[in-house]
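Remarks on the overall topology
One-letter residues, chain by chain:
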Amino acid sequence: MLEIKRATLNDAVAAFDIRREAIRSQCVGAYTAEQMALWTRGKAEDGYSALMDKSFYLGWLNDEPVATGMLDLDNNEIGALFVLPAFTGRGYGKAMLDHLESLARELAIEEVVLDATLNAASFYRACGYVGDEQAIYHSPSGLQLACIPMKKRVG
C-alpha cells in the first residue's frame, strides 16, 4: 500500500528523479525528444527543491519513493503528479491524486485546477476532470509545452 508523506528538503533529489524518469518514459510521442530533453535537464538544486516548501508529497512503497504530487495553495492547483515508470498502472497516481483532492477539501477549496500533459489528459478525465482546449504551459525555466487546462469540483 502506498504511504503518502509530506516531502522535506531532503526529498528534493528523489522527487526530481521521479519527475525526470516519468517524463522520459511516459511523454514519448506526446512531446518531441528536444522538448523532453529541455524539460528534464538540470538537477533538483536548480529550483525544483524550492517546491518542497509547498504542499508537496511523496508516495512511498516499501521505503522507496515512487510517486510525487503537489497542491499549490496559492492557485488551488494540483501539479507535479509523477509516478516512476516501473510502478505505473498500479493505482499509485490515482492514490496521490485522491490524497491531494482530500487535502483540498479539508482546506475548504471548492475547485482544483491543473495543466495536464497531453499524455495524461485521459487519466485526469477518468478521475472526473474536465477540459478539452489545448493551451501552452510556460514553465519557470522558460520551456513552453502544449497542455490541457482542466478543473474539478472537489468541495
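- The chain goes by GNAT family N-acetyltransferase in an unreviewed UniProt entry, where it is assigned to Pseudomonas quebecensis.

**Side note on the packing of aromatic side chains**
- Scanning all chains against the criterion turns up five aromatic pairs.
- With a centroid separation of 6.1 Å and 85° between ring planes, the pair formed by tyrosine 48 and phenylalanine 56 is classed as edge-to-face. As far as the burial class goes, tyrosine 48 and phenylalanine 56 line up, both buried.
- Arranged with centres 5.7 Å apart and planes meeting at 75°, the rings of tyrosine 124 and tyrosine 129 form a pair that is edge-to-face.
- Taking relative accessible area as the criterion, tyrosine 129 reaches 2% and is therefore assigned buried.
- Aromatic ring contacts, followed pair by pair, group Phe16, Tyr48 and Phe56 into a single cluster.
- Lysine 5 extends its terminal NZ or CZ atom over the ring of tryptophan 60, reaching a point 5.0 Å from the ring centre.
- Positioned above the aromatic ring of tyrosine 57, the side-chain terminus of arginine 6 is 6.0 Å from the ring centre.

**Some details on the pattern of salt bridges**
- According to the stated counting rule, one finds nine salt bridges in the structure shown.
- With its nearest N and O atoms 3.0 Å apart, the salt bridge here joins arginine 20 to glutamate 21.
- For arginine 20, a relative accessible area of 18% corresponds to the buried category.
- In this structure glutamate 21 comes out as partly exposed when scored by relative accessible area, which is 31%.
- Taken together, the salt bridges that share partners define one network made up of Asp17, Arg20 and Glu21.

**Brief notes about unusual backbone geometry**
- The backbone phi angle of aspartate 63 is positive, close to 65°, even though this residue is not glycine.
- Examined against the element boundaries, aspartate 63 turns out to sit in the loop between β2 (55-61) and β3 (64-72).
- Positive phi, normally seen in glycine, also occurs at alanine 80, with a value near 55°.
- Here alanine 80 is to be found in strand β4 (residues 77-83).

**Quick look at the pairing of strand β7 (residues 144-153)**
- Here seven bridges tie strand β5 (residues 111-117) to β7, and the two strands are oriented antiparallel to one another. Bridging across to β7, valine 113 finds its partner in lysine 151.
- Bridge count between strand β6 (residues 135-138) and β7: four bridges; the pairing is antiparallel. Paired with tyrosine 137 across the bridge in β7 is leucine 145.
- Count of turn residues in the β6/β7 antiparallel hairpin: five residues, of which glycine 142 carries a positive phi of about 100°.

**Thoughts on the side chain of serine 55**
- Here serine 55 is to be found in strand β2.
- Since its relative accessible area comes to 9%, serine 55 is described here as buried.

**A word on the environment of phenylalanine 16**
- Mapping phenylalanine 16 onto the fold places it in helix α1 (residues 12-26).
- Taking relative accessible area as the criterion, phenylalanine 16 reaches 5% and is therefore assigned buried.
- A sequence separation of 92 residues divides phenylalanine 16 from alanine 108, and the C-alpha atoms of the two residues are 29 Å apart.
- Residues contacting phenylalanine 16, with those up to four places away along its chain left out, are Thr40, Arg41, Gly42, Lys43, Ala44 and Tyr48.

What counts and what doesn't
Residues numbered from 1 in each chain as written. Predicted model: local features only at pLDDT ≥ 70, side-chain atom pairs only at ≥ 80, totals over all residues. Heavy atoms only, no water. Phe/Tyr/Trp six-rings, centres within 6.5 Å; stacked < 30°, edge-to-face > 60°. Buried < 20%, exposed > 50% of the residue type's maximum accessible area, 1.4 Å probe, protein only. Lys NZ or Arg CZ within 6 Å of the ring centre and 35° of its normal. Salt bridge = Lys/Arg side-chain N within 4 Å of Asp/Glu carboxyl O. Helix = DSSP H or I, 4+ residues; strand = E, 2+ residues; numbered from the N terminus. Pairing = 2+ DSSP bridges. Contact = heavy atoms within 4.5 Å.

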